[in-house]
Amino acid sequence: MYRYQEQNSEQTLQEGLDEFYSINSKFRELSETGEKKGLFFQHDITHIVFGLNTKLEEEHLLDSWALWGCKIKWKTMYEYMRHPAIKEITREIYKDLGTWGVVKKIITMIPLKLLIVSRALRMKKKWDYHNVTEGKLKSKISDIRKEYNINVYKIGKKLN
């Protein structure tokens, strides 16, 4: 587990993002090649806020956090899914797992996705996907999670 994934991480949001990029350098490249604080930057920030990495299961859970726990425009979701880099990642997943493997993975994720939706509905307010300010980047992750009532889920841990 990485420091930004700890429920009470004392890192700032920026420090968590830096740690995330140190593990996933290709995502830093995607974030920096697009418009500043654009599509991939916003998505990467949600990884930090909700304490998830980039494994298939965690990306799948992040989709539920984003849909139910964020103020996000449908156009943004559509643009993200249509981006060539995301299409390539999706092709690689299907190549590795096959269609049936992907379907099985989705089915087995349903209980966890429902848990995430439940946690998202208990948030005090929704995370503003489109408005990550410099002030927010300087905020402690633990403070953000307290402010929004975000209870991260650790993959492989018992449901609670």
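Residues numbered from 1 in each chain as written. Predicted model: local features only at pLDDT ≥ 70, side-chain atom pairs only at ≥ 80, totals over all residues. Heavy atoms only, no water.

**Regarding the nonpolar core**
Convention followed: We define a nonpolar core as any set of buried Ala, Val, Leu, Ile, Met, Phe, Trp, Tyr and Cys residues linked to one another through side-chain atoms lying within 4.5 Å. Remark: exposure states derive from per-residue accessible area (1.4 Å probe, protein chains only) relative to the maximum for the residue type, with buried under 20%, exposed over 50%, and partly exposed in between. Where helices and strands are cited, they refer to DSSP runs of H or I of at least four residues and of E of at least two residues respectively, numbered from the N terminus. In what follows, residue pairs with any heavy atoms lying within 4.5 Å of each other are defined as contacts.
In this structure, Leu13, Ile45, Val49, Phe50, Trp65, Trp127 and Ile150 are the most contacted members of the largest nonpolar core, which totals 34 residues. Broken down by element, this core gets its largest block of residues, five residues, from helix H6 (residues 84–121). With near-sequence residues (within four places) excluded, Trp127 lies in contact with Leu13, Ile45, Thr46, Val49, Phe50, Gly69, Cys70, Lys71, Val132, Lys136, Ile144 and Tyr148.

**Let's talk about unusual backbone geometry**
With phi around 60°, Asn149 is a residue other than glycine that occupies positive phi space. A relative accessible area of 36% places Asn149 in the partly exposed class.

**Things to note about the confidence of the model for the chain**
So the rule is basically this: Known as pLDDT, the predictor's per-residue confidence is scaled from 0 to 100.
Mean pLDDT over the chain: 87, with 89% of residues reaching 70 or higher. Within the chain, helix H2 (residues 25–33) has the poorest average pLDDT of any element, 65, and helix H8 (residues 141–148) the best, 98.

**Notes on the environment of Ile141**
Tracing the backbone shows Ile141 in helix H8. Taking relative accessible area as the criterion, Ile141 reaches 1% and is therefore assigned buried. Remark: the alpha-carbon pair of Ile141 and Glu10, spanning 131 residues in sequence, is separated by 6.3 Å. Ignoring any residue separated from it by four or fewer positions in sequence, one finds Ile141 in contact with Tyr4, Ser9, Gln11, Thr12, Leu13, Gly16 and Ile48.

**Some details on a nonpolar patch on the surface**
Our working rule: Two joining distances apply to patches: 9 Å for like charges and 5 Å for nonpolar side chains (Val, Leu, Ile, Met, Phe, Trp, Tyr), and every residue must have over 30% relative accessible area and no salt bridge. Each accessible area is a Shrake-Rupley result for a 1.4 Å probe, and residues are judged covered by the shown protein chains and nothing else. Whenever a carboxyl oxygen of Asp or Glu lies within 4 Å of a side-chain nitrogen of Lys or Arg, that contact is scored as a salt bridge.
Taken together, the side chains of Trp100, Val103, Ile107, Ile110 and Leu114 make up a nonpolar region of the molecular surface, amounting to roughly 520 Å² of accessible area. Counting through the fold element by element, Ile110 comes out in helix H6. In this structure Ile110 comes out as partly exposed when scored by relative accessible area, which is 42%.

**A closer look at the packing of aromatic side chains**
Definition in use: Any two rings among Phe, Tyr and Trp, with Trp reduced to its six-membered ring, count as a pair given centres within 6.5 Å; such a pair is stacked if its planes are under 30 degrees apart, edge-to-face if over 60, and tilted if neither. Either the NZ atom of lysine or the CZ atom of arginine qualifies as a charge over a ring when it sits within 6 Å of the ring centre and within 35 degrees of the ring normal.
Applying the stated criterion across every chain, the model contains five aromatic pairs. Judged by centre distance (5.7 Å) and plane angle (55°), the rings of Phe20 and Tyr21 are tilted. Residue classification places Phe20 among the buried residues on the basis of a relative accessible area of 0%. Of the residues examined, Tyr21 reaches a relative accessible area of 5% and is grouped as buried. Residues Phe50 and Trp65 carry aromatic rings whose centres are separated by 4.5 Å and whose planes lie at 15° to one another, so their mutual orientation is stacked. Here the residue Phe50 occupies a position in the loop between helix H3 (39–49) and helix H4 (56–69), and Trp65 occupies one in helix H4, the gap between them amounting to 15 residues. The same class applies to Phe50 as to Trp65, namely buried. Counting every residue linked through ring pairs, the aromatic cluster contains Tyr2, Tyr4, Phe20 and Tyr21. Taking the ring centre of Tyr148 as reference, the NZ or CZ of Lys125 above it sits at 4.9 Å.

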